[in-house]
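Here's the letter readout for the chains.
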Amino acid sequence: MKVAIGADHAGYLLKEAIKRHLAKGDIPFSDIGTFKMDSVNYPEYGYKVSVSVASGGYDFGILICGTGIGMCITANKIKGIRAVQAYTVEQAKLSRLHNDANILCLGGRIINEEEAISIVDTWLNTSFEGGRHVTRLKLISQLTGL
Ligand code: RB5
């Protein structure tokens, strides 16, 4: 499993905490920035991670901004991306089971480190259920062209 991770300034500290956690679990990841707390524009990082996941270079992406909202809006505009903004473990789990979400968006100003780690672990360790959900995901692609 390979993970691409990115954040803006509002997600920077949580990104660093998640990186430490991934490293402890020997989960390979690439950090595409931002690399400091100076103010930046989240779409640049959301776009980079999304394209690297959509092109097959990574299995999953994790994006963090202040709320997770801007990153999620950006990511879902890229063909092949199914991004979820999760504030709870339950949302994270269902987004994998039912939606085969391939990008997880988190809010660095909304959830704390402990909550984020539980959400990330659940999300990375839950498999897509398939079955009736495949039809629905195909429909999303057909109807939107994305
Ligand atoms: C930055 O202030 C903030 O707008 C951004 O991190 C994010 O929350 C946008 O959705």
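Okay, so let's go over this structure. Everything numeric in this text was worked out from a predicted model, so none of it was measured.

Next up on the list: the site of the ligand. Close to the ligand lie D8, H9, A10, Y42, C65, G66, T67, I69, G70 and R109. G66 has a polar backbone atom sitting 2.7 Å from an oxygen atom of the ligand. Note that an oxygen atom of the ligand is positioned 3.0 Å from one of the backbone N or O atoms of T67. In the complex, 70% of the free accessible area of the ligand, which totals 290 Å², lies under the protein chains.

Strand pairing in a sheet relies on backbone hydrogen bonds. The paired strands run either parallel or antiparallel. Strand order in this open sheet of five strands is β2-β1-β3-β5-β4, and the pairing throughout is parallel. The open sheet is flanked by β2 (29-31) and β4 (83-85), the only strands paired with a single partner. Each strand axis lies, on average, 20 degrees off the axis of its neighbour in the sheet, ignoring direction. Bridge count for strand β1 (residues 3-7) against β2 is three bridges, and the pairing is parallel. Its bridge partner lying in β2, V3 is registered against F29. Lying over the sheet, helix α2 (residues 42-54) contacts β1, β3 (60-65) and β5 (103-107), oriented at roughly 175 degrees with respect to β3.

About the thresholds
Residues numbered from 1 in each chain as written. Predicted model: local features only at pLDDT ≥ 70, side-chain atom pairs only at ≥ 80, totals over all residues. Heavy atoms only, no water. Near = heavy atom within 4 Å. Polar contact = N/O pair within 3.5 Å; in protein donor to acceptor, adjacent residues only side chain to side chain. Areas by Shrake-Rupley, 256 points an atom, 1.4 Å probe, with all protein chains shown as cover. Pairing = 2+ DSSP bridges. Helix = DSSP H or I, 4+ residues; strand = E, 2+ residues; numbered from the N terminus. Axes fitted to C-alpha atoms, helices over the stretch in contact; angles between N-to-C directions. Contact = heavy atoms within 4.5 Å.

Such coordinate-based values are descriptive only and should not be taken to indicate function.
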